[in-house]
Amino acid sequence: MAQISLTFPDGNARSFDAGVTPAQVAADISTSLAKKAISATVNGQHWDLQWPIDTDSTIALHTLKDDAQANELIRHDLAHIMARAVQELWPDTKVTIGPVIKDGWYYDFDRAEPFTPEDLGVIEKKMRDIINKREPVTTEVWDRQRAIDFYTNNNEPYKVELIDAIPGDEPLRMYWHGDWQDLCRGPHLQHTGQVPGDSFKLMSIAGAYWRGDSDRAMLQRIYGVAFTGKEKLKQHLNMLEEAAKRDHRKLGKEMGLFHMQEEAPGQIFWHPNGWRIYTLLQDYIRRQQDRGGYVEVNTPQVVDRKLWEKSGHWDKYQENMFIVEVDEDHAREKAVNALKPMNCPCHVQVFNQGLKSYRDLPLRMAEFGSCARYEPSGALHGIMRVRGFTQDDGHIFCAEDQIEAETALFIDFLSKIYADLGFTDWTIKLSTRPEKRIGSDETWDHMEKALGEACRAAGHDYELLEGEGAFYGPKLEFTLTDAIGRTWQCGTIQVDANLPERLDASFIGQDGNKHRPVMLHRAVLGSFERFIGILIEEHAGKLPFWLAPRQVVVASITSDADAYVNEVVETLRAQGIRAEADIRNEKINYKVREHSLGKVPVILAVGHREVEERTVSVRRLGDKRTSVQSLEDVTKTLATEATPPDLL
RNA sequence: GCUGCUGUAGCUCAGAGGUAGAGCACUCCCUUGGUAAGGGAGAGGUCGAGAGUUCAAUUCUCUCCAGCAGCACCA
């Protein structure tokens, strides 16, 4: 038999018969390793212990201690074990797919009866039974027809469809957990007992479309989380609990920032504290835009459908627009209008006033543009996905050869703002030409390259989303993460050669001829609403001092201090600090507790001592210590802290 | 929009086929207390909306509305 050479991580190489499996290699090293091994990495590829190795290779054996591989296998095996448990419990259930995801896995089932939350416990128990049986995991390679026949006979149409979708005619791999079979690429563990039975949990049931297609069957998806040990599971569940406390919807209520109600779904009633954050943020962004060479405009809310027809939005997004019809009795002529779902067409109208020269470009036009979109009911989410929102919108009208420079400038602009607002952890995605698109391939080549290069020039990596671009041009998306790890697109910059064409924007070039400008749609925050939601979650409500809606509460300890409390408040306010008095007939403990829960960054307590010494007792949010300082010092310190970072 | 779940006092929630309860918040009284809840009293609800079943519905059924989780969507 032919020999092959396997090189281990320590650099040693040994010779084995060709076709040796990692399981045999492990057994050859020691019986304990043979027991503990879960998989191998062979030539950089995650490899099942049962798969033969036919050529000279590098090999590393894994145990449960190798988190990356262990998690993948545990989660993947649990997906199979769960599917088996479900089919044993409810044999009429059809199986589909069950991939590994962050922290766990899910599996989609087709079953007439809905799963109930109680079912999760039943399934979990069944899964533990399967794990305890320590049943072997085996694998075979089947030819396609055999697989198709098998699933056809077993009435598993989804599996048949999956096989049909696998390109080529290469043979297919099958896995068995005990005698339960699933089509699967692998790798898997050696037996079900290798899954730690105490380190997983079924989390939730939800609907999901077969193959992600809303025209197809709605399946039932069960989500689970799994880790290599009980402690890690506990940590994860703990983290989720903590994250729930940072939910902007919860904090928004607790801090009195805003509310929403049935009569205006997807729209926000901003309360004084929330609106304070909003206006502070807006003031800040406006200063940045002024510095960044933008001109600010404001355009109509209600615009005749004719403009939307011209821009193409009427065709494509009519169902998602708020249509406004004016009663004929009261209007001179009947017109159909729409609340603007976006600002771009209006900005082109402003651009189109008067002849523009190449000397006017790049023209950076900004608007805090209030938009209304009739978002599908299921898409609404707190203040992050709403029907009425305001974008920090902007359109840069420029020549094609200015795209890259303007994009680079924008990335720099955005990075500074995100840093000022406390975000360091954000990602860029570059979405490229979709199948259905307008414009020549050369133009697309140029536009995509410009965006990508600008990114790299600014020192940022990006994730490539092929085919995800808009039909009119590629885009960069700047993504932030919320409390529980969901990602949200906030900033964006998109190249658009389409709208200037449709709305006939032009400028006179150096050659004296008319040219089409390119439009760069761009936003830093995306929308104030979404961004404030993220901001609240990122800071767990403890906003940076300059953005905190309530900065200082001056609390009396005895009523004898009331007059001095008011004096302190006035002194602070004179320095532009948002200070308020709390001279209620309550104990200082009570006041401290209440304002701490309200996320007030600084509590100044004053009693007899402070009145006499003209001092205040300073207590910072999240810190139990207090320090007595002179009113003068505190005022100075807080005034500095209250200054927005761009004005320091 | 789809699947599932939820909707009771300002908030967080309990409850049962016979028109409702707790804690906190609120109002008043007592208390002037030194850094995360002092004590007492009071007020507060068409039980999301509409229809049906029933002697009787907030409770059961249906429809609608809104919210939550996920999916789909996101110009």
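Residues numbered from 1 in each chain as written. Chains lettered and ligands numbered in written order. Predicted model: local features only at pLDDT ≥ 70, side-chain atom pairs only at ≥ 80, totals over all residues. Heavy atoms only, no water.

A. Quick peek at the pattern of salt bridges. Scanning the entire structure with this criterion turns up 37 salt bridges. Asp-108 serves as the salt-bridge partner of Arg-221, at 2.7 Å between the closest nitrogen and oxygen. In this pair, Arg-221 sits in strand β13 (residues 218-226) while Asp-108 sits in strand β8 (residues 104-110), placing the two residues 113 residues apart along the sequence. For Asp-108, a relative accessible area of 2% gives the class buried. (Salt bridge = Lys/Arg side-chain N within 4 Å of Asp/Glu carboxyl O. Helix = DSSP H or I, 4+ residues; strand = E, 2+ residues; numbered from the N terminus. Buried < 20%, exposed > 50% of the residue type's maximum accessible area, 1.4 Å probe, protein only.)

B. Region of the structure containing the protein's contact with RNA strand B. Close to RNA strand B lie 54 residues; Ile-557, Asn-585, Glu-610, Ser-617 and Arg-619 are nearest. Of what RNA strand B places within 4 Å of the protein, 48% of the atoms are sugar or phosphate. One nitrogen or oxygen atom from the side chain of His-313 is found 3.4 Å from a sugar or linking oxygen belonging to RNA strand B. One of the side-chain nitrogen or oxygen atoms of Arg-486 is found 2.7 Å away from a phosphate oxygen of RNA strand B. Secondary structure elements with two or more residues in the surface near RNA strand B: β12 (200-209), β13, α8 (248-254), α11 (313-317), α18 (588-597), α19 (608-613) and β32 (615-620). With 7 residues, the top contributor of residues to the surface near RNA strand B is α18. A breakdown of the residues in the surface near RNA strand B according to their chemical character gives 20 nonpolar, 20 polar and 14 charged. (Near = heavy atom within 4 Å. Polar contact = N/O pair within 3.5 Å; in protein donor to acceptor, adjacent residues only side chain to side chain. Nonpolar A, V, L, I, M, F, W, Y, C, P; charged D, E, K, R; others polar.)

C. Structural detail: the packing of helix α9 (residues 272-291) against helix α16 (residues 528-538). The geometry of α9 relative to α16 is characterised by a closest axis approach of 11 Å and an angle of 110° between their N-to-C directions. If you check the angle between α9 and α16, you find them roughly perpendicular. In this structure, α9 uses Ile-277, Tyr-278, Leu-281 and Gln-282 to contact α16, whose residues at the interface are Phe-528, Glu-529, Phe-531 and Ile-532. Across the contact of α9 with α16, the residue classes break down as 6 nonpolar, 1 polar and 1 charged. (Axes fitted to C-alpha atoms, helices over the stretch in contact; angles between N-to-C directions. Parallel < 35°, antiparallel > 145°, perpendicular 65-115°, else oblique. Contact = heavy atoms within 4.5 Å.)

D. Spatial organisation of the nonpolar core. Ranked by internal contacts, the top residues of the largest apolar core, which has 60 residues, are Tyr-418, Leu-421, Phe-423, Leu-476, Phe-478 and Phe-531. With 7 residues, helix α13 (residues 403-420) is the single largest residue contributor to this core. Contact partners of Leu-421, with chain neighbours within four places excluded, come to Leu-281, Leu-525, Phe-531, Leu-535, His-539, Trp-546 and Leu-547. Grouped together as the second largest cluster of nonpolar side chains are 29 residues, Ile-74, Leu-78, Ala-83 and Val-86 included. (Core = buried A, V, L, I, M, F, W, Y, C linked by side-chain atoms within 4.5 Å.)

E. Representation of the packing of aromatic side chains. This model, assessed by the stated rule, comprises 28 aromatic pairs. Between Tyr-284 and Trp-546, the ring centres sit 5.3 Å apart and the planes meet at 50°, which makes this aromatic pair tilted. One end of the pair, Tyr-284, is in helix α9; the other, Trp-546, is in the loop between α16 and β29 (552-556), with 262 residues separating them in the sequence. Judged by relative accessible area, which is 0%, Tyr-284 ranks as buried. Relative to Trp-426, the ring of Tyr-418 lies with its centre 5.5 Å away and its plane at 90°, an arrangement referred to as edge-to-face. One exposure class covers both Tyr-418 and Trp-426, and it is buried. Taken together, the ring pairs connect Tyr-294, Phe-410, Phe-413, Tyr-418, Phe-423, Trp-426, Phe-478 and Phe-531 into an aromatic cluster. One cation-aromatic arrangement involves Arg-128 over Phe-200; the distance from NZ or CZ to the ring centre is 4.6 Å. Between the NZ or CZ atom of Lys-356 and the centre of the ring of Phe-351, over which it lies, the distance is 5.4 Å. (Phe/Tyr/Trp six-rings, centres within 6.5 Å; stacked < 30°, edge-to-face > 60°. Lys NZ or Arg CZ within 6 Å of the ring centre and 35° of its normal.)

F. Representation of the state of the cysteines. Applying the stated rule across the entire model yields 0 disulfides. A disulfide-free cysteine, Cys-344 has its sulfur positioned 8.1 Å from the sulfur of Cys-371, the nearest such atom. The exposure class assigned to Cys-344 is buried, which follows from its relative accessible area of 4%. You can see Cys-490 has no disulfide; the closest cysteine sulfur is in Cys-371, sitting 16 Å from it. (Disulfide = S-S within 2.5 Å.)

G. Representation of the sheet that holds strand β5 (residues 57-62). The sheet built from 5 strands is open, its strands ordered β2-β1-β5-β3-β4 with mixed pairing. Whereas interior strands pair on both sides, the edge strands pair on one side only; in this sheet they are β2 (13-17) and β4 (45-47). The sheet shows a mean angle of 35° between the axes of neighbouring strands, direction not considered. Summarising the sheet, strand β3 (residues 39-42) and β5 pair through 4 bridges and their orientation is antiparallel. (Pairing = 2+ DSSP bridges.)

H. Broad picture of the layout of surface pockets. Roughly 1,300 Å³ of volume is contained in the largest pocket. Contributing to the lining of the largest pocket are 39 residues, with Met-342, Arg-373, Gln-391, Gln-489 and Gln-494 lying nearest its centre. Of all the elements in the fold, those that place two or more residues in the lining of the largest pocket are α11, β21 (388-398), β25 (487-496), β28 (518-527) and α16. Residues that form the lining of the largest pocket fall into these classes: 16 nonpolar, 13 polar and 10 charged. (1 Å grid on protein atoms, 1.4 Å probe; cavity = no way out; pocket = protein on both sides within 12 Å on 5 of 7 lines; lining within 4 Å. Points joined across faces, edges and corners; volume = space filled by probe spheres on them.)

I. Looking closely at the environment of Leu-414. Relative to the helices and strands, Leu-414 resides in helix α13. Relative accessible area serves as the criterion here: at 0%, Leu-414 is assigned to the buried category. For the pair Leu-414 and Phe-478, spaced 64 residues apart in the sequence, the C-alpha separation amounts to 9.1 Å.

Honestly, it's all geometry; don't read function into it.
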